[in-house]
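Fold and geometry: a report
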Amino acid sequence: MSVKDPVYKTDALIGEDINAYLEMHQHKSRLRFSTCGSVDDGKSTLIGRLLYDSKMIFEDQLSALEAESRKFGTQGQGIDFALLVDGLAAEREQGITIDVAYRFFATEKRKFIVADTPGHEQYTRNMVTGASTADLAVILIDARQGILTQTRRHSYLVQLVGIKHVVLAVNKMDLIDYDQNTYEQIVADYTEFASSIGISSFVDIPISGLVGDNIAERSANMPWYNGPLLLEHLENVELQLDKDQEASFRMAVQWVNRPNLDFRGFSGQISSGTVKPGDAVRVVPSGKTSTIARIVTMDGDLEEAVAGQSVTLTFADEIDCSRGDVISAADNPPSIADQFEATIVWMEDDEMLPGRSYWLKIGTQTVSAHVQEPKYEININSLEHIATKTLRLNSIGVAEVATDKRIVFEPYNVNREMGGFILIDKVSNSTVAAGMLHFDLRRSQNIHWQPVDIDRNAHATLKNQKPLVLWFTGLSGSGKSTIANEVEKRLHIMNRHTYLLDGDNVRHGLNRDLGFTDADRVENIRRVGEVAKLMTNAGLIVLTAFISPFRAEREMVREMFPAGEFVEVFVNTPLSVAEERDVKGLYKKARAGELKNFTGIDSPYEAPSNPEITLNTTDMTPQQAAQHVIDWMFPLNA
């Protein structure tokens, strides 16, 4: 094949009338699919072949491809179709896929978005990203190699993210002389494995991505194969969207649309079901009901809207509805809960810290959440359940997740949009994990807040003071406990009701079961925060003296309290000064290797970025520092 091939022509309409070309494709159905498989199974080459056979490559692209094939290609003087997809320099130099590459192409019947996902184990998170939005997965197997570890890994991930349509493409048939027996043995082996992980059906096709056998045209080299061509199957497979339309109506509100005083609508994308004017709907979690008055779009009102469409709905009644709420069928609303079991795919270099507070984003809802210690990690090569205390990069495990307030959800296997979530680090704002909700925990439905008549305001009024938490943080030896004690003595003289929670004291009782690993430190601070919250509910001024080395946990505690009630006091002492003091001899032990996970030596301390109070103990005595805190609490001109 050559770029000079006079037979190869793209659609002339795209150059003559771009608007007509776009109009022609606008109303075609769209299939999103992902290619999966082991390294060098030919995923990128297959996608390049699909782009070529669907006439989506222009003459200048072909010329560039031919030149790059000579420079980077693996096919001698022939065209290397993989280079159409492997866009990163590192990918071309190594001949592998690293990042997820998305490509668009279309045929007469359908338009497609394909994700080329990496095969290497260290890029599992990239593969999950590419597969998470796919309707279909093409799992490639090198006919020479058969089923490999990565084949099993990717097949499991395909099942995990809920892809219903699977194609087993046995590739590179040209390299085994199109042997039928080899092909049938691979299919038999995969059938046995697929059934063990819950893939009940798949379509198997023998292909050669490089040569083009059974891609868009039937191969003369395999007369024994009578099944569908790959492109033919992609054009005709039933879309998940069709099934979504048969489910109950669900639409997460993305935006309250109020361009003027006379219009108030609720905008979002319908995730399942259909809706018409006059339909009875329920807003969840409030439970308020109404009927649909109008279905508004930029092109005018609709008589009906279906799953996949983005619309603005108006109600017949004035009821409260805001971003994060879900509009649903009135007689079949989704569930609401704040504790769940979930599968979690960890995507961050730093390991998961059980108990740490993360942002959980599910649909248009964003809430604070923490993950408990995993029940188990899944070895996706052997499918064995492994005991673990955390999850590391590319690990997959099952754990319980708790949110700070109830969220609207459906199990992931029922509704991917309302059951899939991501976890976001509160400090770095990076996505650290993706997850799939299984079910809510029964205890989340059986435990309710018991109303009381004497509330926190009544307790505070009785004590004639404003509840407050003074959170002293700093290195060991900085003077936190000494200064906090001095502050409490001054408050006691002022007839203030206080309580001091000291790090060492708490570990004699409440937290005696915790060690000093990062995960234990997180749980230590979470428990202390909850105790401090109870004490402020009783109207007390609470002083805490804890190293509390991580910003995320200090922010987690801050979020437990009303605005202005949490005061972060940074006892700023350089490591060299704290180590020189070494009142308890802990730095000496840590330097000698006798004390592991010691903050400042082999465990990090993250200094506050914006504390309410900073105490520089190299310039202040403990008494002066304590008075500085008192002056901040009770300014003279207040």
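None of these values were measured; they are calculated from a predicted model.

1. Digging into the packing of helix α6 (residues 124–131) against helix α7 (residues 149–160)
- Contact geometry for α6 and α7: axes closest at 10 Å, N-to-C directions at 40°. Compared by their axis directions, α6 and α7 come out oblique. For the pair α6 and α7, the crossing hand works out as right-handed. Touching Thr-124, Met-127 and Val-128 of α6 are Arg-153, His-154, Leu-157 and Val-158, all from α7.
- When its residues are assigned to classes, the contact of α6 with α7 shows four nonpolar, two polar and one charged.

2. Comments concerning unusual backbone geometry
- The omega angle of the peptide bond from Val-284 to Pro-285 is 20°, so this bond is cis rather than trans.
- Within the fold, Pro-285 resides in the loop between β11 (280–284) and β12 (289–296).
- Its identity as a non-glycine residue notwithstanding, Asn-214 has a phi of 60°, on the positive side.
- Relative to the assigned elements, Asn-214 resides in the loop between β6 (203–206) and α9 (230–236).
- A positive phi is found at Asn-495, a non-glycine position, where the angle reads about 65°.
- As for its placement among the helices and strands, Asn-495 is situated in the loop between α14 (480–493) and β25 (498–502).
- The exposure class of Asn-495 is exposed, given its relative accessible area of 63%.

3. A word on the pairing of strand β4 (residues 136–142)
- For β4, a buried count of seven out of seven residues is recorded, marking the element as mostly surrounded by other parts of the structure.
- Sheet analysis places strand β1 (residues 29–37) next to β4, joined by five bridges and oriented parallel. The residue of β4 that forms the bridge with Thr-35 is Val-138.
- Pairing between β4 and strand β5 (residues 165–171): seven bridges, direction parallel.

Reading the values: the criteria
- Residues numbered from 1 in each chain as written.
- Predicted model: local features only at pLDDT ≥ 70, side-chain atom pairs only at ≥ 80, totals over all residues.
- Heavy atoms only, no water.
- Axes fitted to C-alpha atoms, helices over the stretch in contact; angles between N-to-C directions.
- Helix = DSSP H or I, 4+ residues; strand = E, 2+ residues; numbered from the N terminus.
- Parallel < 35°, antiparallel > 145°, perpendicular 65-115°, else oblique.
- Left-handed = near helix turned anticlockwise from the far one by under 90°.
- Contact = heavy atoms within 4.5 Å.
- Nonpolar A, V, L, I, M, F, W, Y, C, P; charged D, E, K, R; others polar.
- Buried < 20%, exposed > 50% of the residue type's maximum accessible area, 1.4 Å probe, protein only.
- Pairing = 2+ DSSP bridges.

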